[in-house]
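Each chain is listed here by its residues.
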Amino acid sequence: MNWLGYTLIGAILFIIAFCVFYSCYLMPTLRKNDVCNRFEEILKERGEEYEIKKFKGEWCDFRLDLKDKTYYVKHFVVPGREEVVINNPYKWQVLGGSKGFLFLKGVEAFVDGPCNTDKEIVKVAVFYTHCKLVMYYKNECDMDFVSPRTSVHGIKFIGFDELEDKFDWL
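Residues numbered from 1 in each chain as written. Predicted model: local features only at pLDDT ≥ 70, side-chain atom pairs only at ≥ 80, totals over all residues. Heavy atoms only, no water.

Draft legend 1. Main features of the overall build of the protein. For the protein, the count of helices and strands is three helices and eleven strands. Secondary structure elements in the protein, listed N-terminal to C-terminal, are α-β-β-β-β-β-β-α-β-β-β-β-β-α. C-alpha atoms of the protein, sized along the principal axes, occupy 70 × 45 × 30 Å. Looking at the protein as a whole, 38% of its 170 residues are labelled buried. Intrachain contacts of the protein at a sequence separation of at least 6 include 52% that bridge at least 24 residues. Element-wise, carbon and sulfur atoms account for 55% of the exposed surface of the protein, whose accessible area totals about 10,400 Å². Each charge class in the protein can be summarised by its mean position, and for the 23 positive and 25 negative side chains these summaries are 4 Å apart. (Helix = DSSP H or I, 4+ residues; strand = E, 2+ residues; numbered from the N terminus. Buried < 20%, exposed > 50% of the residue type's maximum accessible area, 1.4 Å probe, protein only. Contact = heavy atoms within 4.5 Å. Areas by Shrake-Rupley, 256 points an atom, 1.4 Å probe, with all protein chains shown as cover. Lys, Arg positive; Asp, Glu negative; His and termini not counted. Charge placed at Lys NZ, Arg CZ, Asp CG, Glu CD.)

Here it is, written out as structure tokens:
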């Protein structure tokens, strides 16, 4: 094999390594920053005082302290704008698409995450970018549709693209 073959193999390996790095490390950070920046923009427009503390590799993405409330926010990626079904506090699954269904990761840590504050606590799950609808199965026979006004197991749910319109519902 000559130098051209080795260069081609090296270029292919570099492209593969870059794609893995981008999808595993860079994209989640960009999404998390996107959600945090959207919350900041909304609060700046409203003229509210706030403080944001970002977390890295913990049970939530960031904490947002307002005068009377503390929001703990975590984003979850919903591929293809599909439906999210909450089976129980620890099992949230995405239905539809070509893959059938898959479970969202990081739910258990978010549900059980410690919340230490004297203010009212609101845990918010942000679906990035959006999902068609969120359903909650109470039992085998009863099902509810969830909106940002609804709290399920102490968590409120909202799509990323609904944040500006429905922020008051949280």
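Moving on, there is more to tell.
Draft legend 2. Here's a closer look at the sheet that holds strand β10 (residues 151–152). Judged by pairing direction, the sheet is mixed, and its six strands sit side by side in the order β1-β2-β3-β7-β11-β10 without closing on themselves. Lying at the two open borders of the sheet, with one neighbouring strand each, are β1 (51–54) and β10. In this structure, strand β3 (residues 69–77) lies alongside strand β7 (residues 120–128), joined through nine bridges in parallel fashion. From the neighbouring strand, V73 faces β7, where its bridge partner is V124. (Pairing = 2+ DSSP bridges.)

Draft legend 3. Examining the side chain of D61 more closely. Relative to the helices and strands, D61 is located in the loop between β1 and β2 (62–65). A distance of 2.7 Å separates polar atoms of two side chains, one belonging to D61 and the other to H75. Sequence-distant contacts of D61, defined by excluding residues within four places in its chain, comprise K32, K54, F55, V73, K74 and H75. (Polar contact = N/O pair within 3.5 Å; in protein donor to acceptor, adjacent residues only side chain to side chain.)

Draft legend 4. How the structure looks around the packing of aromatic side chains. All chains considered together, the criterion is met by eleven aromatic pairs. Plain terms: the ring middles of W59 and F110 are 6.1 Å apart, the flat faces sit at 35° to each other, and that makes the pair tilted. You can see W59 sitting in the loop between β1 and β2 and its partner F110 sitting in helix α2 (residues 107–112), a full 51 residues away along the chain. Pair check on accessibility: W59 and F110 agree, each one buried. Aromatic side chains Y71 and F167 sit 6.1 Å apart centroid to centroid with 40° between the ring planes, which places their arrangement in the tilted category. One end of the pair, Y71, is in strand β3; the other, F167, is in the segment after α3 (163–166), and 96 residues separate them in sequence. Residues Y71 and F167 agree in their burial class; the two are buried. An aromatic cluster of three or more residues is present, and its members are W59, Y72, F76, W92, F110, F127 and F157. Here the basic side chain of K74 rests over the ring of F76, its NZ or CZ set 5.9 Å away from the ring centre. Across the ring face of F110, the terminal group of K123 is positioned such that the distance to the ring centre comes to 5.8 Å. (Phe/Tyr/Trp six-rings, centres within 6.5 Å; stacked < 30°, edge-to-face > 60°. Lys NZ or Arg CZ within 6 Å of the ring centre and 35° of its normal.)

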